[in-house]
Amino acid sequence: MALLMPKYFQRENSNLRANWYRIKTSFTGIKRLVTLPQEDKDACVNAYKFLQRMQGGEETTTEDETKAIAAYYKVLNNMLSVFDLEKLYIPPQLDEKEGLYGNQLLCEQAMLKEMALQDPEKSHLLDMGCGRGRIAHYIASMTGGQVSGYNIDPDQVENAIDWAAETQMSERLHYKVGNHHDPLEYESGLFDGCYSVQAVWPFFKKEELDDHAREMFRVLKPGTRYSCSEYLLSPYFDWNNEEHVSLHRSYLPTLAATQSMYPADVCAALESAGFNIILSAPSKSEAWPICEQKRDLILVARKIVRFLERIRIMPPWVEESLDLLQTGGESWTMAEKAKIADLNWRIVAEKPAQ
């Protein structure tokens, strides 16, 4: 571990302030895991088992899926924050000299550029599935404008609100609890753009895509864009290929997703809502090298977790959960290397100007 950590920090970011923030976030995540109420831990474990049963073919309702995802993310966001995954997504490796954090920033910069804002400082953007609000914070810092966001997990929304206050950004960052499957609680034509990062399309059945696409279209001003970096199956994924299906069954619960769509499905829904598709393309680079970096970090950290379990500081379910995450993560790496799935498929859609 003594050899790994300096290399980790050098690759991630040479900025000492950023590294200190990540260390502090990790320790906060550990503290929250240790002090989680038993009911939250049980709900998280049950949610993971529910997601596994889904992949085994069990019929489920959207309502039950939504409840399971909320329970899972309530714990998962704390667990992954320990490993510097506070934004809850793995970006494409756009610069091999950078680690996860640096490549996240590059991904977010590219997504913002694709929105082609006319007046960034006066813009008001919508972050769909905002998590802890760290992406929204960075986007607002780049534009100088406002960002509103919603998320299904009240704990993450509270964290986003607290961070906005701590960084004196509360007047430009606005968060609320919200559900993709409900009508968006925003006025029509309010936003100058909207975006999502591995947060929208993995939670819709095919027949539900149109409703959400129409809501996105409604809240945007004419002539503005939706831009995303989202998990989607590649056109090469074959539901009749048992190897493809087996990998999918293994990795999907690890992604904390309920569904897998093809890009064509999403684009069809967006077009049906009235959007013009500007771009639908694979990620500019693979995410699996960064996945493997995190795998190595988690392998080291699991030794610490097991020690903390022995001295009764960390509960046993944490190690069990990390084992499940790693197993699913390895399946994901195999799927991406086989080019049958993409964590960061890019779609840019524009609402026609009136």
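Rules of the game
- Note that residues are indexed from 1 along each chain, following the sequence as it is written.
- The model is predicted, so local features are restricted to residues of pLDDT at least 70 and side-chain atom pairs to those at 80 or more, both for listing and for counting; the totals for chains, interfaces and linings are taken over all residues.
- Note: side-chain values were computed over all heavy atoms of the structure, leaving out hydrogens and water.
- Each helix corresponds to a stretch of at least 4 residues labelled H or I by DSSP, and each strand to a stretch of at least 2 residues labelled E; elements are numbered beginning at the N terminus.
- Two residues form a contact once any of their heavy atoms are found within 4.5 Å.
- Being paired, for any two strands, means DSSP has found at least two bridges between them.
- A fitted line through C-alpha atoms represents every axis, and for helices the fit uses only the stretch in contact; the resulting angles, taken between N-to-C directions, go from 0 to 180 degrees.
- Buried residues are those whose accessible area, probed at 1.4 Å on protein chains only, stays under 20% of the maximum for their type, while exposed residues exceed 50% and partly exposed ones sit between those limits.
- Note on handedness: a clockwise path from strand one over the helix to strand two, with the strands aimed away from the viewer, defines a right-handed crossover.
- Among the buried residues, those of types Ala, Val, Leu, Ile, Met, Phe, Trp, Tyr and Cys that are joined through side-chain atoms within 4.5 Å form a nonpolar core.
- Put simply, a salt bridge is a Lys or Arg side-chain nitrogen that is within 4 Å of an Asp or Glu carboxyl oxygen.

Concerning the side chain of Ser-234
Part 1: Along the chain, Ser-234 turns up in the loop between β5 (220-233) and α9 (242-251).
Part 2: If we skip the residues at most four places from it in the chain, Ser-234 touches Tyr-262, Lys-339, Ile-340 and Ala-341.

Focus on the sheet that holds strand β4 (residues 191-197)
Part 1: A sheet is described by the order of its strands in space; here seven strands give the open sequence β3-β2-β1-β4-β5-β7-β6, paired in mixed fashion. Looking along the sheet, the strands with just one partner apiece sit at the ends: β3 (173-177) and β6 (276-281). Averaged over all neighbouring strand pairs, the angle between strand axes comes to 15°, with direction disregarded.
Part 2: For β5 and strand β7 (residues 341-350), the ladder comprises eight bridges, and the chain directions are antiparallel. The residue bridging Glu-230 from the neighbouring strand is Trp-345, located in β7.

Concerning the pairing of strand β2 (residues 146-151)
Part 1: Among the six residues that make up β2, five are buried, leaving the element largely enclosed by the rest of the structure.
Part 2: Here strand β1 (residues 124-128) pairs with β2 via five bridges, running parallel. When the bridges of β2 are listed, Asp-127 appears paired with Gly-149.
Part 3: Between β1 and its parallel partner β2, the chain crosses via helix α6 (residues 134-143), and the hand of that crossover is right-handed.
Part 4: Sheet topology note: the β2/β3 ladder contains five bridges and is parallel. Note that in β3 the partner of Tyr-150 across the bridge is Lys-176.

Notes on the pairing of β4
Part 1: Counting buried positions along β4 yields seven of seven residues, so the element is predominantly enclosed.
Part 2: The pairing of β1 with β4 spans three bridges and is classified as parallel. When the bridges of β4 are listed, Leu-125 appears paired with Gly-193.
Part 3: Looking at chain direction, β4 and β5 are connected through six bridges and run parallel. Bridging across to β5, Ser-196 finds its partner in Cys-228.
Part 4: Crossover handedness for the path β4 to helix α8 (residues 209-219) to β5: right-handed.

Section: the nonpolar core
Part 1: The biggest cluster of nonpolar side chains holds 38 residues, and the ones touching the most others in it are Tyr-72, Leu-76, Ile-90, Tyr-231, Tyr-251, Trp-332 and Leu-343.
Part 2: The set of elements that each furnish at least two residues to this core consists of α3 (38-55), α4 (62-81), β5, α9, α11 (288-310), α12 (316-337) and β7.
Part 3: Considering each element in turn, this core owes the most residues, nine residues, to α4.
Part 4: Once residues lying within four places of it in the same chain are set aside, the contact partners of Leu-76 are Leu-88, Ala-256 and Leu-325.
Part 5: Among the nonpolar cores identified, the runner-up in size contains 28 residues, and Val-200, Trp-201, Val-219 and Leu-232 belong to it.

Observations concerning the pattern of salt bridges
Part 1: Applying the stated criterion across every chain, the model contains 13 salt bridges.
Part 2: A salt bridge links Glu-63 to Lys-67, with the shortest nitrogen-to-oxygen separation between them at 3.6 Å. Of this pair, Glu-63 and Lys-67 are both found in helix α4, four residues apart, which corresponds to roughly one turn of the helix. Of the two residues examined, Glu-63 and Lys-67, each falls in the exposed class.
Part 3: Across the pair Lys-221 and Asp-192 runs a salt bridge whose closest N-O atoms are separated by 3.0 Å. Taken as a pair, Lys-221 in strand β5 and Asp-192 in strand β4 lie far apart in primary sequence, 29 residues in all.
Part 4: Since its relative accessible area comes to 30%, Lys-221 is described here as partly exposed.
Part 5: Taking the relative accessible area as the measure of exposure, Asp-192 reaches 18% and is therefore buried.

Remarks on the environment of His-212
Part 1: Relative to the helices and strands, His-212 resides in helix α8.
Part 2: In this structure the C-alpha to C-alpha distance between His-212 and Leu-184, which are 28 residues apart in sequence, comes to 8.6 Å.
Part 3: Ignoring any residue separated from it by four or fewer positions in sequence, one finds His-212 in contact with Met-128, Tyr-150, His-180, Leu-184, Val-200, Trp-201 and Phe-204.

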